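Notes for the structure review
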Amino acid sequence: MRDGPAPGTGIVHFGPGAFFRAFNAAFTHEAMEMAGGDWGIEAVSLKSPTARDQLLPQGGVYTAVELGPEGETHKIITSIANVLVASEDPSAVVKVLTNPKVKIVSLTITEKGYGYDPTTKGLDLTHPDIAADLADPSGRRSAVCLIAAALEARRLSGTPPFTVMSCDNLPSNGHVTKTVVRDFAKHVFPDLVDWIAQHGAFPSTMVDRITPATTNEDLAELEKAIGYHDPAAVFHEPFRQWVIEDSFVSGRPAWDRAGAQFVQSVDAHETMKLRCLNGTHSALAYLGYLAGHQTIAGTIAAPGFTAFCEYLWQSEILPTVPQPEGEDLQAYTDALLARYRNPNIQHRTWQIAMDGSQKLPQRLLGTVRDHLKDGHLPTGLCLVVAAWMRYVGGVDETGAPIDVRDPMADRLKQASDAASGAVGKVEALLSVTEVFGRDLAASEAFRDAVTAAYQRLEDQGAATAVSDFPLK
Ligand code: CS2
């Protein structure tokens, strides 16, 4: 429980999950500690009441546990002032969003939450929540609709807009957010389109802190250490990095005092992080899961996996990554390896494997495209794509079912089941254009390399495919 009153609201945040609590809320807590300001956070869960039910009985206060390789430290975070559940009362959310004191609306709603179609580079009108909101905007199921409705109410009442700040692992996440809000407004609030263009701000950000889903064992261990049960506690690694495009309409917390970097453009940092970290995270997740490993630390310790990961960085990923200002890319990947090895972070391969259809394009396929354009074949990444294809087939190497969580899971499984043999299955999955576009399906060299890798996974299994991978 908190000692004094909750901070005055300045931020509304969509997606009150573990990452937000370990990252945004912690940065904001420290910024207010150091520089003051009314930047209390009203967190909004779109559907699930879990975060609200965990946080509100303890006044929004919770423990953030930092798990270093040598031990843990605890910090009490007090920046969350309230938690709302949009599905229970969407009007209450719009009411909070129209409060002139709200200066920033931030989001961690995962890749699939935006309803962005990378192929058309616009709003995906077939996304279930977006389609429902377009048919009946009063239902307000999506963050996009809630934000657009609130911006429209602010426009009509002469209130300045809030800054909309995405903190999800998408390239140009600010631009993506602006695009989906604008496209939604075109259909429902046409007068809002110009207002957003003139007055809105949608800064892009790069966010980074490994935060595995909290388990009951984590909570039980913590209870032993602190003497009470904190169901809202989060567990994270020591490292964190936040790079933010400095474009805010009505101010922001002193996040820089807590270590955030404000820059003119985050593109280079974003590419570095998405391709180097998230790209190899997904690689280790699919290959590691198939090889029978539960965690990233377990996977990276298995024979051949460190060498394969280093090969991906040196030979396939880094050659495509532009140099971000102030970064030493070699030191960056060295540090990543140490982060993956942190024995106290139990980051499950299954968790990272989730939502692959939404993750592959920005994590792996952009890198693949860059190589194909230059006439190279990135065989390591082709093995990773093949591992994803094996994974979404839904059966592991022992014949047991895989619990594939992905908005496209059914379609992917059907495509895989309807085809036979490596050639057929790879072709069927490559024709899912939402993931591969038309260009990758049309590349014979890519298709042949993924097919050969898929066949190797079938014949030898993932452990051998990795340990015998020809490192050039
Ligand atoms: C992970 C990320 O679950 C995943 O897909 O790759 O959540 C990763 O841990 C974070 O982006 C690290 O900042």
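Heads up: the structure comes first, above all this text.
Our subject in this report is the structure included herewith. Everything numeric here is computed off the predicted structure, so don't read it as measured data.

1. Some thoughts on the overall build of the protein chain
Per the secondary structure count, the protein chain includes 21 helices and 13 strands. Taken over C-alpha atoms, the radius of gyration comes to 22 Å for the protein chain, in line with the 23 Å a tight globule of 472 residues would show. Considered along the principal axes of its C-alpha atoms, the protein chain spans approximately 60 × 55 × 40 Å. By the burial criterion, 56% of the 472 residues in the protein chain qualify as buried. Taking contacts inside the protein chain between residues at least 6 apart in sequence as the whole, the part at least 24 apart equals 77%. Carbon and sulfur atoms make up 51% of the accessible area of the protein chain, which totals about 18600 Å².

2. Focus on the sheet that holds strand 11 (residues 234-236)
With respect to topology, 3 strands assemble into an open sheet ordered 4-3-11, the strand pairing being mixed. Only two strands of the sheet have a single neighbouring strand rather than two, namely strand 4 (71-77) and strand 11. Recorded for the sheet is a direction-independent mean angle of 25 degrees between the axes of neighbouring strands. Bridge count between strand 3 (residues 62-68) and strand 4: 7 bridges; the pairing is antiparallel. Looking at the pairing, threonine 63 lines up with isoleucine 76 of strand 4. Against the sheet, helix 2 (residues 24-35) touches strand 3 and strand 4, its axis set at about 65 degrees to strand 4.

3. What to know about the site of the ligand
Neighbouring residues of the ligand: Asn169, Val207, Asp208, Arg209, Ile210, Lys273, Asn278, His281, His347, Ile352, Lys359 and Arg363. The side chain of asparagine 169 places a nitrogen or oxygen atom 2.9 Å from an oxygen atom of the ligand. Here an oxygen atom of the ligand sits 2.8 Å away from a polar atom, N or O, in the side chain of lysine 359. Protein coverage of the free-state accessible area of the ligand, which is 340 Å², stands at 88%. When contributions to the shell around the ligand are tallied by element, the ones reaching two or more residues are strand 10 (205-208), helix 10 (267-290) and helix 15 (356-373). The greatest single-element share of the shell around the ligand, amounting to 3 residues, is contributed by helix 10. Each residue belonging to the shell around the ligand can be placed in one class, and the counts come to 3 nonpolar, 4 polar and 5 charged.

4. Let's talk about helix 12 (residues 305-317)
Taken together, the buried positions of helix 12 are Phe305, Thr306, Phe308, Cys309, Tyr311, Leu312, Trp313, Glu316 and Ile317. Lining the buried residues of helix 12 we find helix 10, helix 11 (296-301), helix 13 (329-341), helix 15, helix 16 (379-392) and helix 21 (462-467).

5. With respect to the pattern of salt bridges
In total, this model carries 24 salt bridges according to the counting rule given. For the salt bridge of aspartate 183 with arginine 182, the shortest nitrogen-to-oxygen distance reads 3.1 Å. Judged by its relative accessible area of 12%, aspartate 183 falls in the buried class. With a relative accessible area of 30%, arginine 182 lands in the partly exposed category. Between aspartate 208 and arginine 339 there is a salt bridge whose closest N-O contact spans 2.8 Å. Placement of the pair is aspartate 208 in strand 10 and arginine 339 in helix 13, with a sequence separation of 131 residues. Judged by its relative accessible area of 2%, aspartate 208 falls in the buried class.

6. What about the packing of helix 6 (residues 143-157) against helix 7 (residues 173-188)?
Here helix 6 crosses helix 7 at 70 degrees, and the two axes come no closer than 9 Å. As far as their axial angle goes, helix 7 and helix 6 are roughly perpendicular. The handedness of the crossing between helix 6 and helix 7 is right-handed. Here Val144, Cys145, Ile147, Ala148 and Leu151 of helix 6 come into contact with helix 7, specifically with Val180, Val181 and Phe184. Within the contact of helix 6 with helix 7, the residues separate by chemical class into 8 nonpolar, no polar and no charged.

7. Quick word on the sheet that holds strand 12 (residues 241-245)
In spatial order, the strands read 10-12-13; together these 3 strands make up an open sheet with mixed pairing. Every other strand in the sheet has two partners, leaving strand 10 and strand 13 (261-263) as the edge strands with one partner each. Here the strands of the sheet are splayed against their neighbours by 20 degrees on average, with no regard to which way each runs. Across 4 bridges, strand 10 lies against strand 12 in antiparallel orientation. Note that in strand 12 the partner of valine 207 across the bridge is tryptophan 242.

8. Observations concerning the pairing of strand 3
Of all 7 residues making up strand 3, 6 are buried, and the element is well covered by its neighbours. With antiparallel pairing between neighbouring strands as the criterion, strand 3 and strand 4 make up a hairpin whose turn holds 2 residues.

Basis of the calculations
Residues numbered from 1 in each chain as written. Predicted model: local features only at pLDDT ≥ 70, side-chain atom pairs only at ≥ 80, totals over all residues. Heavy atoms only, no water. Helix = DSSP H or I, 4+ residues; strand = E, 2+ residues; numbered from the N terminus. Rg over C-alpha atoms; globule rule 2.2 N^0.38 Å. Buried < 20%, exposed > 50% of the residue type's maximum accessible area, 1.4 Å probe, protein only. Contact = heavy atoms within 4.5 Å. Areas by Shrake-Rupley, 256 points an atom, 1.4 Å probe, with all protein chains shown as cover. Pairing = 2+ DSSP bridges. Axes fitted to C-alpha atoms, helices over the stretch in contact; angles between N-to-C directions. Near = heavy atom within 4 Å. Polar contact = N/O pair within 3.5 Å; in protein donor to acceptor, adjacent residues only side chain to side chain. Nonpolar A, V, L, I, M, F, W, Y, C, P; charged D, E, K, R; others polar. Salt bridge = Lys/Arg side-chain N within 4 Å of Asp/Glu carboxyl O. Parallel < 35°, antiparallel > 145°, perpendicular 65-115°, else oblique. Left-handed = near helix turned anticlockwise from the far one by under 90°.

Note that all results are geometric; they support no functional claim without further evidence.
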